[in-house]
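Structural characterization, general
Spelled out, the chains give:
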Amino acid sequence: MGKGKKFSSKKRKASIKVLSKKKKYINKEHEGKNKKAIFNRYKDKQKVEEELVKRRQMERRFQNQQTVISESEEETEEDSYGQLVSCFKCNDNSNMVAESDGDTSGVESDDGMNDTAKCSEIEHNENNDHSLDDEESSDEQEGLMEETVKENDVDTLNDPFTKHLQYDLEDELIVALSNVPQTVKETSKRWPVLGNLVISIPQSVALSSKTKPKFSLLEEKVYASAATVPHVINNIDFKQLYLKPQICTNLVSANKNNLVKRDLELTDILTPLQKELFAIVNNYQDLYYPERTFSNADEIRFTYCLHIVNHMLKTRTKILNHNAKIAKRSDLSEDYQDQGLVRPKVLIIVPFKDAAYRVVKTLIDLVVPKEAGQVVNKNRFEEDFTGGEIIMPTKNPKPEDYELLFSGNTDDTFRLGLTLTKKTLKLYTDFYSSDILIASPLGLRMIVGAEGEEHRDYDFLASIEVLIMDQADVFLMQNWDHLLHIMDHFHLQPKKTHGTDFSRVRSWAVNGWAKYYRQTLVFSSVALPEIKSVLNRKCQNYAGKVLVVNPPEVGSIQQVLVQVPQLFHRINATSPLAAVDARFEYFIKEILPKQRDTLMSHTLIYVPSYFDFVRIRNYFKKEDIGFVQICEYSKDAKIARARDMFFHTEAHFLLYSERVHFFRRFRIKGIRHIIFYQPPTYPHFYSEICNLMQESNQNKYGGSDCNMTLTVLYCKYDLQRVAGALGSARAANMAAADKAVHMFVTGDK
């Protein structure tokens, strides 16, 4: 019995344990059901409250419309046609109210849909949409959705981004833009930092008068508003500047170095130069700023990077908002047209890898600062875009501007695609999956190719909305034809679809008007007619353009240390093309015969254009004139031999190209006479070359200090270059004078 008892007691204990486990499981299930029930009740209650609020709003709107309609009906009782039209308008308005309410409820409330289904639909839309990234998480989408819901409709309509890109252009304005020259209204302004501004805004051309019908059953189309003159920003207000909240949090930390350099407080947020530049850039107008220096380069770079990030985040927010609406509705309207023919929206052209490296670093500081996000392929980027620096000589140091320009990686063959999300910046993305492209002129030229080549591609340039050319003067030293070739391939019809959802493409992009919407920003260190020509001929922004025009008061002649007479010969020419031949004829007939005298040995001929260099070289060979040459294509051994022969009077002339001086900065010794075949592109090159005639660089047996001359050939199309050397006042006097030859001596005022 004892054993049986023990057995029975064990049995009971086991049964008690089983019962307790079952009770616990039932209790857990009961608790879970209770929690779900409470949550569902709360959700149902919330839904009911929201529905009641919406019904009240609709009733109020309907009542207001009823009163307006009744008044209009009383006024138009006699006109039966008017009554019919008013009835149609009434029905349309009521439908519009109902639809807009449905849209807002679709964005604000996520309760009507299953979360997983909603996420899958949004992801499906992103896969079909070439302007969004496939790997973006649903949390990020929800965050961006909250931002768009919070934004006021009135504010978004006043946003320069919306005003510039949302609407089509009137026929009258398109005619004005396509005219050569364009029909524009010019306004001059003077700002504290930028100085003199010339603002050109296209004006609509009056076409044949259109008779508007008294009544129309169609809605009136809204066109893009006329551009306005930009105004100086005095106080930084993020709402007035329409900056995205994501940027505002990182703005001060990213711009800290520029503020400290200018001895400003961090509360100023932007420097005075940045405020004025951003006032123009944020107005979506073209800009030409020819006063870029090594001291303000970081400020300029930060300003256009801020504009780029703001532009891309607004584009992304708009697309995500539309994706959410499309996921809840089956029909598409023009309101959901938010894209171009291809994905890339921004193109930044810079001359060297080091410049691209600095741009990407600035974008990282603005979008994903330390521990706030992720940069994909960052290590690979660091390896590719750093290193390869030029070792500067210590014995005979190069000029300061040369060391600053060629610091870092000076490789000029590169291209890089970037994709921007809320918390991630992806590098090395495919061009057709990228938002931002950074490249050099040569890097782009290799992809664009030439006519007749099989493997060429320029479709990625079809929908560029913001084009930035930083250090544009360096492009002239590299190869200007590359840039002109690239500019000719913007906004052409793509050869492939590249996964484009054409139901989302803006109508002006389909019509081939994308060139009228592109904003172009050009920054250079000198004002050049070649750059201005690109702006006038290749840039047709309907918002207009702003040129910074500050004539140089003091020329580089002030830095000439050698006491030497400087003769300026004016050449008469009717056009820039005719000036090429006129200059050559004047040189071989008026200048060269005198310089061939034995007393005029040790003559350096400085030639800015390589085409002119080749023409003079061929003429010298034909006439059997003793000379040596140094150009950008010369090998080091030939350069050393040419310099030695010139110094020891074995060669009468030295042909010296401007591009080799730009990239190498040789200190040529033994110069007694200088001929500037054309004024130098960079004003400081004039004083640099002249100062090479100092006594420390001379050959004692090569001539006398009393026998030194300097000759400059120029025409009216070179006046900007002449002003850089002599100053604007002297250049203007020379252009207006009757005599063709003017002489200056160092020390004159």
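I will try to describe carefully the structure that is included in this document. Bear in mind that the values here come from a model prediction, so they are computed numbers and not experimental data.

Throughout the structure, instances matching the rule amount to 21 salt bridges. One network of salt bridges, in which partners are shared, links Lys-261, Asp-298 and Arg-301.

Moving on, we get to the packing of helix α20 (residues 576–595) against helix α21 (residues 610–623). Between α20 and α21, whose axes approach to 12 Å, the crossing angle comes to 40 degrees. Between α20 and α21, the angle falls in the class oblique. As α20 packs across α21, the resulting crossing turns out to be right-handed. For the pair α20 and α21, the contacting residues are Val-580, Asp-581, Phe-584, Phe-587, Ile-588 and Leu-592 in the first and Asp-612, Arg-615, Ile-616, Tyr-619 and Phe-620 in the second.

The seven strands lie next to each other as β14-β15-β13-β16-β17-β12-β18, forming an open sheet whose pairing is mixed. Edge positions in the open sheet fall to β14 (627–630) and β18 (741–745), since each of these has one partner strand only. Here the average twist between neighbouring strands, direction ignored, is 20 degrees. In this structure, strand β12 (residues 565–570) lies alongside β18, joined through five bridges in antiparallel fashion. Across the sheet, Pro-565 pairs through a bridge with Val-745, a residue of β18. Of the strands in this sheet, β13 (603–607), β14 and β15 (653–657) are in contact with α21, which crosses β15 at around 160 degrees.

The N-to-C vectors of helix α25 (residues 719–726) and helix α26 (residues 728–736) enclose an angle of 130 degrees; their axes lie 7 Å apart at closest approach. Our classification of the angle between α25 and α26 gives oblique. Considering the relative orientation of α25 and α26, their crossing is right-handed. Contacts between α25 and α26 involve Leu-719, Val-722, Ala-723 and Leu-726 from the former and Ser-728, Arg-730, Ala-731, Met-734 and Ala-735 from the latter. Its residues placed into classes, the contact of α25 with α26 shows seven nonpolar, one polar and one charged.

Let's shift gears to the pairing of strand β6 (residues 415–420). Burial runs high along β6: five of the six residues are buried. In this sheet, strand β7 (residues 424–427) lies alongside β6 in antiparallel orientation, the contact comprising three bridges. Its bridge partner being in β7, Leu-418 is matched across the sheet by Leu-427. Connecting β6 to the next strand, β7, in antiparallel fashion are three residues.

Conventions used here
Residues numbered from 1 in each chain as written. Predicted model: local features only at pLDDT ≥ 70, side-chain atom pairs only at ≥ 80, totals over all residues. Heavy atoms only, no water. Salt bridge = Lys/Arg side-chain N within 4 Å of Asp/Glu carboxyl O. Axes fitted to C-alpha atoms, helices over the stretch in contact; angles between N-to-C directions. Helix = DSSP H or I, 4+ residues; strand = E, 2+ residues; numbered from the N terminus. Parallel < 35°, antiparallel > 145°, perpendicular 65-115°, else oblique. Left-handed = near helix turned anticlockwise from the far one by under 90°. Contact = heavy atoms within 4.5 Å. Pairing = 2+ DSSP bridges. Nonpolar A, V, L, I, M, F, W, Y, C, P; charged D, E, K, R; others polar. Buried < 20%, exposed > 50% of the residue type's maximum accessible area, 1.4 Å probe, protein only.

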